[in-house]
Amino acid sequence: MKLLIQATVAHGAEVRELRLRHPDGLHLPAWPAGAHLKLHLPQADGHTLERHYSLVGTPGVTQEYRIAVLKDTQSRGGSRHVHEALAAGQMLEIEGPFDSFPLQAGAGRTVLVAGGIGITPLHAMAHELNAQGRDFELHYLARSEDRLVLLDELRALPHARIHLHLGRTPPDLAGLLGSFQAGASLHACGPVPLLNALREQAAALGWPASAVHFESFGARVDAQDRPIRLHLAQSGLSLDVPVGVSLLDALIQADQFVAFDCKRGECGQCWTPVLDGEPVHRDVCLTPAQRAGGLCTCVGWARSAELTLDL
């Protein structure tokens, strides 16, 4: 579907919002809170980048889609293209909306936690909860006040109880979460370290996994990463995987069958047993027992130069 970039809005120096409409002024497909669009971004070399961005605003049938994109200093082209190459009046190829991070609020306390640009899917959840007349907590973490994008819109929601956590020091997550009470739910979006810390603290406080819902973002590549020699025990195949290519993508390119879904380390479907080597875990879904025996190939890596999988 081709949509018109009706307008762009700057939220400080680092976040740019696109407002998209049908070129003929038609209504757009309805979308639920937590949904995202897939953007097709043509490049000068003829290739097309595909990037996923959460929808912000009020879910439902609409004449306008809104996405807010952080300019990532480690961008592989997506966010930089949105900030530098797109302008009002251009047409943009999109797919979706996709319901990737559904709101699953229970009958009790509802807690939303946003880390930085992770506010985008929670912005829509906040609007949905408010429309339902449900009180909720929103904890918004950012390095400084100028990074609190979309805050004025959130403050206008009468059912929102907003708590700001500024600075580089993590907040007291135990105090933020509290002990689990029946019907409570937690939805969080942010960088992987924050989500892993939330998951561990929630488990320690008695929150069941069914009440905890995450969407992650951020680089899954570390400056200390080195290429891996990947061995597949069952097939006898060995692959050289360079930094920047996921183990899952290397397996797919080699025509090896691996189940997968999210490709973000959130669902665990690509979990694969590790027979030898020292894996690095960058998922937000595996239990300690699962990590002891394998890794998510979509985001995992290795400290060792070689890694053997039971494939």
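Positions within a chain are numbered from 1, following the residues in the order the chain's sequence is written. Local features are withheld for residues below a pLDDT of 70 in this predicted model, meaning they are given only at 70 or higher, and side-chain atom pairs are given and counted only at 80 or more; totals for whole chains, interfaces and linings count all residues. With hydrogens and water stripped out, all remaining heavy atoms of the structure feed into the side-chain values.

## Examining helix 2 (residues 119-131)
Stage number 1. Here a helix means four or more residues in a row that DSSP labels H or I, a strand means two or more in a row labelled E, and each is numbered from the N terminus. By definition here, a helix of n residues has an expected span of 1.5 Å times n minus one. Taking 1.5 Å per residue, 13 residues should reach 18 Å; helix 2 reaches 18 Å between its end C-alpha atoms and fits that length.
Stage number 2. To sort residues, take the accessible area from a 1.4 Å probe on protein chains only and compare it with the maximum for the residue type: under 20% means buried, over 50% means exposed, and anything in between is partly exposed. Burial analysis of helix 2 places 11 of its 13 residues in the buried class, which makes it a mostly covered element.
Stage number 3. Along helix 2, the residues that are buried comprise I119, T120, P121, L122, H123, A124, M125, A126, H127, L129 and N130.
Stage number 4. Taken from the residues just after helix 2, G133 is the one with a positive phi, measuring 75 degrees.

## Concerning the confidence of the model for the chain
Stage number 1. Across the chain, pLDDT averages 93, with 98% of residues at or above 70.
Stage number 2. Residue-level confidence of the predictor is summarised by pLDDT, bounded by 0 at the bottom and 100 at the top. At the low end of the mean pLDDT range in the chain sits strand 13 (residues 212-217), at 87; at the high end sits helix 2, at 98.

## Looking at the pattern of salt bridges
For side chains bearing opposite charge, pairing can occur when the charged atoms are close.
Stage number 1. Here, a salt bridge means any Lys or Arg side-chain nitrogen found within 4 Å of an Asp or Glu carboxyl oxygen. According to the stated counting rule, one finds 17 salt bridges in the structure shown.
Stage number 2. A salt bridge links R21 to E64; the shortest N-O distance between them is 3.3 Å. Residue R21 is located in strand 2 (residues 15-21), and its partner E64 is located in the loop between strand 6 (60-62) and strand 7 (65-70); the two are separated by 43 residues in the primary sequence.
Stage number 3. We classify E64 as partly exposed; its relative accessible area is 22%.
Stage number 4. As a salt-bridge pair, K71 and E84 come within 2.9 Å of each other at their nearest N and O atoms. Of this pair, K71 sits in the loop between strand 7 and helix 1 (78-84) while E84 sits in helix 1, and the two are 13 residues apart along the sequence.
Stage number 5. A relative accessible area of 34% places K71 in the partly exposed class.
Stage number 6. Overall, the relative accessible area of 54% leaves E84 in the exposed class.
Stage number 7. Here the salt bridges do not stand alone but share partners, grouping E17, R19, R66 and E153 into one network.

## Considering the packing of aromatic side chains
Between two aromatic rings, the relevant description is the distance of the centres plus the angle of the planes.
Stage number 1. The rule is short: rings of Phe, Tyr and Trp, with Trp giving its six-membered ring, pair when the centres are within 6.5 Å, and they are stacked under 30 degrees, edge-to-face over 60, tilted in between. Taken as a whole, this structure holds 1 aromatic pair when the rule is applied.
Stage number 2. Geometrically, the ring pair formed by F180 and W207 is edge-to-face, given 5.4 Å between the ring centres and 65 degrees between the ring planes. Placement of F180 in the loop between helix 4 (173-177) and strand 12 (185-191) and of W207 in the loop between helix 5 (192-204) and strand 13 is noted, with a sequence separation of 27 residues between them.
Stage number 3. Residue classification places F180 among the partly exposed positions, given a relative accessible area of 27%.

## Examining the sheet that holds strand 1 (residues 2-11)
Stage number 1. Read from one edge to the other, the open sheet built from 6 strands follows the order 5-4-8-1-2-7, with strand pairing classed as antiparallel. In this open sheet, the two strands that pair with only one neighbour each are strand 5 (48-54) and strand 7. Strand after strand, the sheet turns through a mean of 40 degrees between neighbouring axes, direction not considered.
Stage number 2. Strand direction decides the pairing type here: strand 4 (residues 36-42) and strand 5, joined by 7 bridges, are antiparallel. Residue pairing across strands places P42 opposite T48, the latter belonging to strand 5. Being paired, for any two strands, means DSSP has found at least two bridges between them. Between N-to-C directions, angles cover 0 to 180 degrees, with each direction set by a line fitted to C-alpha atoms, over the stretch in contact for helices.

## Here's the deal with the state of the cysteines
Stage number 1. Defined by distance alone, a disulfide is two cysteine sulfur atoms within 2.5 Å. If you walk through the whole model with that rule in mind, you get 0 disulfides.
Stage number 2. Looking at the unpaired C270, the closest cysteine sulfur is the one in C298, lying at 3.7 Å.
Stage number 3. The structure places no disulfide on C296, whose sulfur is separated from the nearest cysteine sulfur, that of C285, by 4.0 Å.
Stage number 4. C296 gets classed as buried once you look at its relative accessible area, which sits at 1%.

## What to know about the pairing of strand 2
Stage number 1. Within strand 2, 5 of the 7 residues are buried, which leaves the element mostly enclosed by the surrounding structure.
Stage number 2. One ladder, built from 7 bridges, connects strand 1 with strand 2; its direction is antiparallel. Across the sheet, T8 pairs through a bridge with L18, a residue of strand 2.
Stage number 3. Between the end of strand 1 and the start of strand 2, which pair antiparallel, lie 3 residues, with G12 showing a positive phi angle near 75 degrees.
Stage number 4. The pairing of strand 2 with strand 7 spans 6 bridges and is classified as antiparallel. Paired with R19 across the bridge in strand 7 is R66.

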